[in-house]
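In case you want the letters, here they are:
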There are 2 protein chains.
Amino acid sequence: MTQRVAIIGAGPSGIAQLRAFDSAKKSGREIPEIVCFEKQDDWGGQWNYNWRSGIDKYGEPVHSSMYRNLWSNGPKEALEFAEYTFDEHFGRPISSYPPRAVLWDYINGRAEKSDVKKHVRFATVVRWVDFDESTNLFTVTTEDLKTGQTETSEFDHVIVGSGHFSFPNVPDFKGIETFPGELMHAHDFRGAERLADKDVLLIGASYSAEDIGVQSFKMGARSVTYSYRSGPMGFDWPEGIEELPLIDRFEGSTAYFSNGMSRSFDTVILCTGYLHHYPFLPSDLALDSPNNVYPDTLYRGVVSENNDSLYYLGAQDQWFTFNMFDAQAWYVRDIILGELTIPSPSEQRESIDAWLERFNAIETAEDEVKFQADYIRDLIELTDYPMFDLDEVTRTFMAWKTDKKKNILTYRDKVYRSVMTGTMADKHHTPWLSELDDSMERYVSA
Amino acid sequence: MTQRVAIIGAGPSGIAQLRAFDSAKKSGREIPEIVCFEKQDDWGGQWNYNWRSGIDKYGEPVHSSMYRNLWSNGPKEALEFAEYTFDEHFGRPISSYPPRAVLWDYINGRAEKSDVKKHVRFATVVRWVDFDESTNLFTVTTEDLKTGQTETSEFDHVIVGSGHFSFPNVPDFKGIETFPGELMHAHDFRGAERLADKDVLLIGASYSAEDIGVQSFKMGARSVTYSYRSGPMGFDWPEGIEELPLIDRFEGSTAYFSNGMSRSFDTVILCTGYLHHYPFLPSDLALDSPNNVYPDTLYRGVVSENNDSLYYLGAQDQWFTFNMFDAQAWYVRDIILGELTIPSPSEQRESIDAWLERFNAIETAEDEVKFQADYIRDLIELTDYPMFDLDEVTRTFMAWKTDKKKNILTYRDKVYRSVMTGTMADKHHTPWLSELDDSMERYVSA
Ligand SMILES: Cc1cc2nc3c(=O)[nH]c(=O)nc-3n(C[C@H](O)[C@H](O)[C@H](O)COP(=O)(O)OP(=O)(O)OC[C@H]3O[C@@H](n4cnc5c(N)ncnc54)[C@H](O)[C@@H]3O)c2cc1C
Ligand SMILES: Cc1cc2nc3c(=O)[nH]c(=O)nc-3n(C[C@H](O)[C@H](O)[C@H](O)COP(=O)(O)OP(=O)(O)OC[C@H]3O[C@@H](n4cnc5c(N)ncnc54)[C@H](O)[C@@H]3O)c2cc1C
Ligand SMILES: NC(=O)c1ccc[n+]([C@@H]2O[C@H](COP(=O)([O-])OP(=O)(O)OC[C@H]3O[C@@H](n4cnc5c(N)ncnc54)[C@H](OP(=O)(O)O)[C@@H]3O)[C@@H](O)[C@H]2O)c1
Ligand SMILES: NC(=O)c1ccc[n+]([C@@H]2O[C@H](COP(=O)([O-])OP(=O)(O)OC[C@H]3O[C@@H](n4cnc5c(N)ncnc54)[C@H](OP(=O)(O)O)[C@@H]3O)[C@@H](O)[C@H]2O)c1
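What counts and what doesn't
Residues numbered from 1 in each chain as written. Chains lettered and ligands numbered in written order. Predicted model: local features only at pLDDT ≥ 70, side-chain atom pairs only at ≥ 80, totals over all residues. Heavy atoms only, no water. Contact = heavy atoms within 4.5 Å. Buried area = accessible area lost by both parts, 1.4 Å probe. Salt bridge = Lys/Arg side-chain N within 4 Å of Asp/Glu carboxyl O. Polar contact = N/O pair within 3.5 Å; in protein donor to acceptor, adjacent residues only side chain to side chain. Helix = DSSP H or I, 4+ residues; strand = E, 2+ residues; numbered from the N terminus. Nonpolar A, V, L, I, M, F, W, Y, C, P; charged D, E, K, R; others polar. Buried < 20%, exposed > 50% of the residue type's maximum accessible area, 1.4 Å probe, protein only. Expected span 1.5 Å × (residues − 1). Near = heavy atom within 4 Å. Areas by Shrake-Rupley, 256 points an atom, 1.4 Å probe, with all protein chains shown as cover. Least-squares fit on C-alpha atoms with pLDDT ≥ 70 in both. Pairing = 2+ DSSP bridges. Axes fitted to C-alpha atoms, helices over the stretch in contact; angles between N-to-C directions. Core = buried A, V, L, I, M, F, W, Y, C linked by side-chain atoms within 4.5 Å. Left-handed = near helix turned anticlockwise from the far one by under 90°. Phe/Tyr/Trp six-rings, centres within 6.5 Å; stacked < 30°, edge-to-face > 60°. Lys NZ or Arg CZ within 6 Å of the ring centre and 35° of its normal.

### Observations concerning the interface of chain B and chain A
And then number 1: The partner chain A presents 41 residues to the 41 residues of chain B that form the contact.
And then number 2: Roughly 3300 Å² of surface becomes buried between chain B and chain A when both sides are summed, with 57% attributable to carbon and sulfur atoms.
And then number 3: Among the residues of chain B in contact with chain A, B:W51, B:I55 and B:W128 are the three that bury the most area, contributing 20% of the side total.
And then number 4: Run the count over chain B and chain A and you get zero salt bridges.
And then number 5: Applying the counting rule to chain B against chain A returns 18 residue pairs in polar contact (both at pLDDT 80 or more).
And then number 6: Among the elements of the structure, β4 (124-132), β8 (167-168) and β9 (182-185) of chain B are those that each provide at least two residues to the side of chain B that touches chain A.
And then number 7: Of the residues that constitute the side of chain B that touches chain A, the class distribution is 18 nonpolar, ten polar and 13 charged.

Rendered as structure tokens:
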């Protein structure tokens, strides 16, 4: 009997899995029956922008955390698909930090090129997954959000590609309930235009804080204050941006910092990260991890230690993104096709432990990028996914970090060379700081 | 074997059910094993205020739609429990329109007085419910949100008390994605203080629109504009508040109305109501209804037509609230205790159709209140819940409507007489329009 495979989510990870099977099929291999469930009306995951925040039009939590003004925060040369290049998609060099709509177009372009849309059931949410030890089958219960009809069907394999930057981590701060101004998590942030002339506080010291703060500055915020827990980001901030330690408490619109300072704010944005949250999975199957580059309990970063037929894509914190998801998807495909085998539980554990040991020894950002590059190399070596120069991408990441250090306001004007095609990126027609139109039309206009 | 009953939610409805069983037990009757699952850390449902919006601290949709400044919008004399009066709780007359915290205290007071907290599993969300035709049992899958542990157990009866004002209805409007200002649904609104000096647009013409608009006015909004679909609310608005027809489109911060007018806004609040949404129920068990006073497919407004062991509390649109939930809970209790029987499917249908016929003939608000009063009377006559003067409460509702018509800014200063105790309410020490402190402490201060 044909095997049945369920993919949960049609973001970059789910699409990578669809494309992996499609590529096997094109090379003459027989592939299982595939059903991909996607709760949104379209694919692209985070890259599928939603003006709504909180709850979507179907009553489901809004998935995307992206905002109108979002541009890639890493060079596109680090995320390029090894088997569908930017050159192939755009037909000419483009800049290194495209806005969201342009990257969505690229993701969509590859997906449309392969014949995979027929596998996707859009506007269909996975409600619950169960595993039956006696039959070795999963029952997957889904709801068609347009009709409300629920349905249960059986699968041999389940691939979780639901992302882990959608359920905000919303910590409490003493007195925060008395803050009268605009208060939200980064997940619900949709644009910085309205922060002009405002005093803005961002809690957190990672990518969301950094970028939303800089967006606010770009849009004319009166002041931008960051509040960090572990340590400051330490960029050479322009006048008007400042980093302070953690909030001790709020009293109305005044925030008191742990160093004794206090300040009044109009807007508070919690940039405090996201939860691994899988409301459709029983606890023995649900990944439980902080956001890091090697979540425990996943063999080779994808196979659930508790169940050889359950896989996670993109569960890692992400330096590499699209091409890492590809590497994972090709590997999972070959397991399902029976071309690769999963070792015994104790061997899985040994492998995980070995990676965790190295993970725990990571000291610098560079170590972490190299770690993730090695992780990807390890996977690609096992499949026919095109190997690419991971060391060169690591160097690109380091150049990126240096450029950001030099000037956090202009780093997106820099260009890098593709390791896939050798093409040098083109400078965008307008410096990022003065570009106020983030649309695809504007981007491709000469 | 003892029967097992699952109650989903410990809001006013779920608590009513707990209290109904408790009251039977105190009168010497044997009661089933009861487990109430409540996803929040505390009970009170909507009345349990949450400063967060969107997603809560456990990664679940925030339940409460209430805001800091919320006061009862109907006279408390219309919602009073027939078996736990305001006099009993507060020991002295209080005003007719208490703020949220005061009503939470009242709900909590009754609940604490009966010995029911032991039945509630707090911070536990119901993930999925299945019914097995062969055993006639429900399997209820829950997750302990503090530990992440999921668990499945079997029940003879399931009572849904999860409310239906928590999943916002968020319609699309042409161009709304270009609106650069603050944009939210009423569900995510937490306070009007920050709307001082702002031009505020509220879409919708029901209670949320009305009250959030008036709150904005109270807090000094520069202008309040309502946009209605079916018809205006038609109050005698003070200068600064105006009603316009439906939005045709947005272009940036400008809204164009269907009458050709256009205006610029700082803030848009969608007061467009809520969805009946039961993500934990298969479609044959999930109620599918607009928000109205007689949802189809519920026999006597509570028993699922598809399953005699599944009940809904508070599924109606609500003129009456707490005491209606009581009437329903007492009735459901007596069915489960075997003291009342559910008629055949065709008799159920006949009864539903008869009510629907009357429902469809409703023309005025007064008709609707009388309809709901009759519905409640019909239930109370079947159980030992104390009957109360429903006609007099209907008159109180009519007086309330007249008072609102007279002055939408001062109606909350009016007082009414309790039909339970005959006590006349006391005037609040401060007129609502100048009362800026909504706390319990302030309210009870002499
Ligand atoms: C604010 C933000 C900015 C980012 N910027 C960048 C960037 O500049 N460059 C970069 O490379 N990466 C960026 N990322 C990282 C981003 O996570 C990845 O690029 C990528 O989107 C991850 O792909 P994914 O498919 O694993 O998950 P997602 O993109 O999150 O997609 C998951 C999909 O699963 C669906 N889904 C979830 N639950 C269910 C369910 N129960 N049933 C059915 N469907 C479900 C969702 O609707 C969604 O379509 C950013 C992330 C965030 C949050
Ligand atoms: C903004 C607003 C203002 C209102 N103002 C008034 C007023 O002034 N006067 C008045 O009488 N009524 C008012 N109401 C009506 C209100 O709905 C009722 O007063 C009452 O709260 C309804 O009680 P309930 O128990 O049916 O639902 P809720 O109060 O909504 O409680 C449902 C409970 O179920 C829990 N729950 C939901 N899903 C799950 C799950 N999957 N697992 C576990 N637990 C779950 C929730 O956490 C919640 O505690 C207002 C409603 C809103 C939205
Ligand atoms: N394209 C773009 O421009 C863009 C923009 C935003 C985000 N992103 C992407 O989105 C993903 C998520 O990034 P993220 O920044 O949202 O999450 P993140 O990288 O996980 O960072 C979470 C931050 O929250 C802080 N934090 C957590 N709990 C806290 C608490 N209780 N008090 C104070 N601080 C707390 C953490 O501090 P500690 O360090 O102390 O733990 C950390 O700084 C990343 O992949 C990122 O690349 C991209
Ligand atoms: N205590 C308080 O002060 C307070 C405050 C707020 C709410 N509440 C309670 O909360 C509950 C919910 O009230 P609610 O006002 O949120 O919901 P509601 O009573 O269901 O009203 C929904 C409103 O949204 C409008 N609407 C829906 N879709 C629309 C669309 N596409 N375009 C334009 N308008 C649209 C409806 O218009 P149509 O008439 O055209 O359908 C209606 O006016 C009630 O029980 C209420 O008493 C109480």
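### With respect to the environment of A:R333
All names here are of chain A.
And then number 1: Relative to the elements of secondary structure, R333 occurs in helix α5 (residues 322-336).
And then number 2: Residue class for R333 comes out buried when judged on its relative accessible area of 0%.
And then number 3: For the pair formed by R333 and V224, sequence separation is 109 residues and the distance between their alpha carbons is 46 Å.
And then number 4: Not counting residues up to four positions away in its chain, the partners in contact with R333 are Q17, A20, F21, S23, A24, R29 and D384.
And then number 5: At a separation of 3.0 Å, a polar atom in the side chain of R333 contacts the side chain of D384.

### A few points about the pattern of salt bridges
Residues and elements named next belong to chain B.
And then number 1: Per the counting criterion, the structure on display carries 76 salt bridges over all chains.
And then number 2: In this structure, D22 engages R19 in a salt bridge whose closest nitrogen and oxygen atoms are separated by 2.8 Å. Placement of both D22 and R19 in helix α1 (residues 12-26) is noted, with a separation of three residues, approximately one turn of the helix. Each of the two residues, D22 as well as R19, counts as buried.

### Digging into helix α4 (residues 207-218) of chain A
Helical geometry: 3.6 residues make up each α-helical turn, so side chains three or four residues apart lie on a common side.
Residues and elements named next belong to chain A.
And then number 1: A rise of 1.5 Å per residue sets the reference length of α4, with its twelve residues, at 16 Å; its end C-alpha atoms lie 16 Å apart and thus fit the reference within 8%.
And then number 2: Of all twelve residues in α4, nine are buried; the element is thus mostly enclosed.
And then number 3: Inspection of α4 places A209, E210, D211, I212, G213, V214, Q215, S216 and K218 among the buried residues, and these make up the whole buried set.
And then number 4: Where α4 is buried, its residues touch β10 (199-203), β11 (223-227), β16 (267-270) and α8 (390-406).

### Section: the site of ligand 1
All names here are of chain A.
And then number 1: In the vicinity of ligand 1 lie 30 residues, with S13, E38, Q46, H63 and T321 positioned nearest.
And then number 2: Within the side chain of H63, an N or O atom sits 2.6 Å from an oxygen atom of ligand 1.
And then number 3: Residue V126 places a main-chain N or O atom 2.9 Å away from a nitrogen atom belonging to ligand 1.
And then number 4: The protein chains hide 92% of the 990 Å² of surface that ligand 1 would expose on its own.

### Quick word on the site of ligand 3
Residue and element names in this part refer to chain A.
And then number 1: Around ligand 3 sit 25 residues, and of these A205, S206, S208, R229 and S230 come closest.
And then number 2: In this structure, A205 approaches ligand 3 through a main-chain N or O atom, which is 2.9 Å from an oxygen atom.
And then number 3: Separating an oxygen atom of ligand 3 from a side-chain N or O atom of R229 is a distance of 2.9 Å.
And then number 4: Within the complex, the protein chains bury 81% of what would otherwise be the 920 Å² of accessible surface of ligand 3.
And then number 5: The element that contributes the greatest number of residues to the shell around ligand 3 is α4, accounting for three residues.
And then number 6: Its residues placed into classes, the shell around ligand 3 shows twelve nonpolar, ten polar and three charged.

### Quick look at the relation of the copies chain B and chain A
And then number 1: Mapping chain B onto chain A leaves a residual RMSD of 0.0 Å; the transformation is a rotation of 180 degrees accompanied by 0.0 Å of translation along its axis. Such a combination of rotation and displacement between the chain copies is what one expects of a two-fold axis. Among all residues of chain B, the one whose C-alpha sits closest to the rotation axis is B:G54, at a distance of 2.0 Å.
And then number 2: By residue overlap, the copies meet face to face through one surface: 100% of the interface positions of chain B are interface positions in chain A.

### A few points about the sheet that holds strand β9 (residues 182-185) of chain A
All names here are of chain A.
And then number 1: Read across the open sheet, the five strands follow the order β9-β16-β10-β11-β12; overall the sheet is parallel. The strands lining the two open edges of the sheet, one partner per strand, are β9 and β12 (241-244). Taking each pair of neighbouring strands and ignoring which way they run, the sheet shows an average axis angle of 20 degrees.
And then number 2: Pairing of β11 with β12, which is carried by four bridges, proceeds in the parallel orientation. Considered in β12, the bridge of T225 is made with E242.

### Here we look at the nonpolar core
And then number 1: Formed by 106 residues in total, the largest nonpolar core has its most connected members in B:Y106, B:Y226, B:I269, B:F320 and B:F397.
And then number 2: A per-element tally of this core places helix α5 (residues 322-336) of chain B first, with ten residues.
And then number 3: Setting aside chain neighbours within four positions, we find B:F320 in contact with B:A78, B:V369, B:Q372, B:A373, B:I376, B:L390, B:V393 and B:F397.
And then number 4: Formed by 105 residues, the second largest nonpolar core is a distinct cluster that contains A:I241, A:I269, A:L356 and A:F388.

### Points about the sheet that holds strand β5 (residues 137-144) of chain B
All names here are of chain B.
And then number 1: Pairing is antiparallel across the open sheet formed by three strands, whose spatial order is β4-β5-β6. Each having just a single partner strand, β4 and β6 (150-155) make up the two edges of the open sheet. For this sheet, the mean angle separating the axes of adjacent strands, direction not counted, is 20 degrees.
And then number 2: Note: β5 against β6, six bridges, orientation antiparallel. Following the sheet pairing, V140 is matched in β6 by S153.

### Looking at helix α7 (residues 365-380) of chain B
And then number 1: Taking 1.5 Å as the rise per residue, α7(B) with 16 residues should run 22 Å; its terminal C-alpha atoms sit 23 Å apart, in good agreement.
And then number 2: Looking at the buried side of α7(B), the elements it contacts are α5, α6 (345-360) and α8 (390-406) of chain B.

### Some points on the side chain of A:S72
And then number 1: You can see A:S72 is positioned in the loop between β2 (33-37) and α2 (86-90).
And then number 2: Leave out the neighbours within four places in its chain, and A:S72 touches A:L79, A:Y97, A:P98, A:L103 and A:R412.

### Describing the packing of α5(A) against helix α7 (residues 365-380) of chain A
Residue and element names in this part refer to chain A.
And then number 1: Look at α5 against α7: their axes get within 9 Å of each other, and the N-to-C directions meet at 35 degrees. Pair α5 / α7 crosses with left-handed handedness. Taken together, the residues of α7 that come into contact with α5 (itself represented by M324, A327, Q328 and Y331) are Q372, Y375, I376, L379 and I380.
And then number 2: Of the residues assigned to the contact of α5 with α7, the class counts are seven nonpolar, two polar and no charged.

### Points about the packing of aromatic side chains
And then number 1: Considering all chains together, one arrives at 62 aromatic pairs over all chains under this definition.
And then number 2: A ring pair is formed by B:F37 and B:F155, whose centres lie 6.0 Å apart and whose planes are at 90 degrees; its orientation type is edge-to-face. With B:F37 in strand β2 (residues 33-37) and B:F155 in strand β6, this residue pair connects regions lying 118 residues apart in the sequence. Accessibility assignment for this pair places B:F37 and B:F155 in one class, buried.
And then number 3: Between B:Y226 and B:W237, the aromatic rings sit 4.9 Å apart at their centres with planes inclined by 40 degrees, giving tilted as the arrangement. A residue pair is termed long-range when its members are at least 10 positions apart, and B:Y226 in strand β11 (residues 223-227) and B:W237 in the loop between β11 and β12 (241-244) qualify at eleven residues. For the pair B:Y226 and B:W237, a shared accessibility class is recorded, and that class is buried.
And then number 4: Within the aromatic cluster, the residues linked to one another by ring pairs are A:W47, A:F81, A:Y84, A:F86, A:F90, A:Y106 and A:F322.
And then number 5: Directly above the ring of A:F235 sits A:K405, whose terminal nitrogen or CZ lies 5.3 Å from the centroid.

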